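One letter stands for each residue in the lines below.
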Amino acid sequence: MIPSSPISIARRASPAASSRWGQLGLGGDWVARRIHPVGTPEDVGFGSYLVQEKFDGLPLTPSLTFRPVSAEVMKIVGTDVGAIAYSAINFATADTREVPISTGPEGSALAATETIVMRDRYPLDRFIYFYALPRPDGRLEPWIREYFHLALSREGQEIVAAEPDSFLPLSAARAAVERRLLDAAG
């Protein structure tokens, strides 16, 4: 298992662009050790999000071992001392641990704690999206709008928060922004 030293995801020093742990600032026996990147495919889910939103459209490293779901990704990380992965945090196991990351040499390394994520400060966090097909006039069916309003309400976010090993609820401020966007969409 890699040390818990922070690493940078800046393009010049990202796991996707590096082949040795020393390139990410680790010392000692780790300097020459090969990185074994693992993740979900870059054309779906979190892999797609990283490529498009965090890595400026650059493809993930060709040496990345793809697995279709985060649970399989984390199983590999838990058994391979040189592995590093991107995965949903709720798939961490007793054999894995999170490594704090920064977006560059000047940035603070942050762990994906509940507080950091809910304050929109974690560099690799993303939202889960709802999709719905609008009517021909561009508006949502009333029952769909009502469902989205429920999901974005305090009660809806309390349901999210009550689910063990699930997603984090939106902050009250973020939920309010999303409700305004929903209302503005008609």
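Rules behind the numbers
Residues numbered from 1 in each chain as written. Predicted model: local features only at pLDDT ≥ 70, side-chain atom pairs only at ≥ 80, totals over all residues. Heavy atoms only, no water. Pairing = 2+ DSSP bridges. Helix = DSSP H or I, 4+ residues; strand = E, 2+ residues; numbered from the N terminus. Contact = heavy atoms within 4.5 Å. Axes fitted to C-alpha atoms, helices over the stretch in contact; angles between N-to-C directions. Phe/Tyr/Trp six-rings, centres within 6.5 Å; stacked < 30°, edge-to-face > 60°. Buried < 20%, exposed > 50% of the residue type's maximum accessible area, 1.4 Å probe, protein only.

1. Focus on the sheet that holds strand E3 (residues 65–66)
Okay, so step 1: Strands sit in the order E3-E2-E4 across an open sheet of three strands; the sheet is parallel. Each edge of the open sheet is held by one strand with a lone partner, namely E3 and strand E4 (83–85).
Okay, so step 2: Pairing of strand E2 (residues 36–39) with E4 involves three bridges; the strand directions are parallel. Within E4, the position partnered with Pro-37 by the bridge is Ile-84.
Okay, so step 3: Set on the sheet, helix H2 (residues 70–77) makes contact with E2, E3 and E4; between it and E4 the angle comes to about 155°.

2. Describing the packing of aromatic side chains
Okay, so step 1: Counted by the stated rule, this structure contains seven aromatic pairs.
Okay, so step 2: Residues Phe-46 and Tyr-86 carry aromatic rings whose centres are separated by 5.8 Å and whose planes lie at 55° to one another, so their mutual orientation is tilted. Here Phe-46 is found in helix H1 (residues 45–54), whereas its partner Tyr-86 is found in the loop between E4 and strand E5 (101–102), with 40 residues between them in sequence. Each of the two residues, Phe-46 as well as Tyr-86, counts as buried.
Okay, so step 3: Plain terms: the ring middles of Tyr-129 and Tyr-131 are 6.4 Å apart, the flat faces sit at 45° to each other, and that makes the pair tilted.

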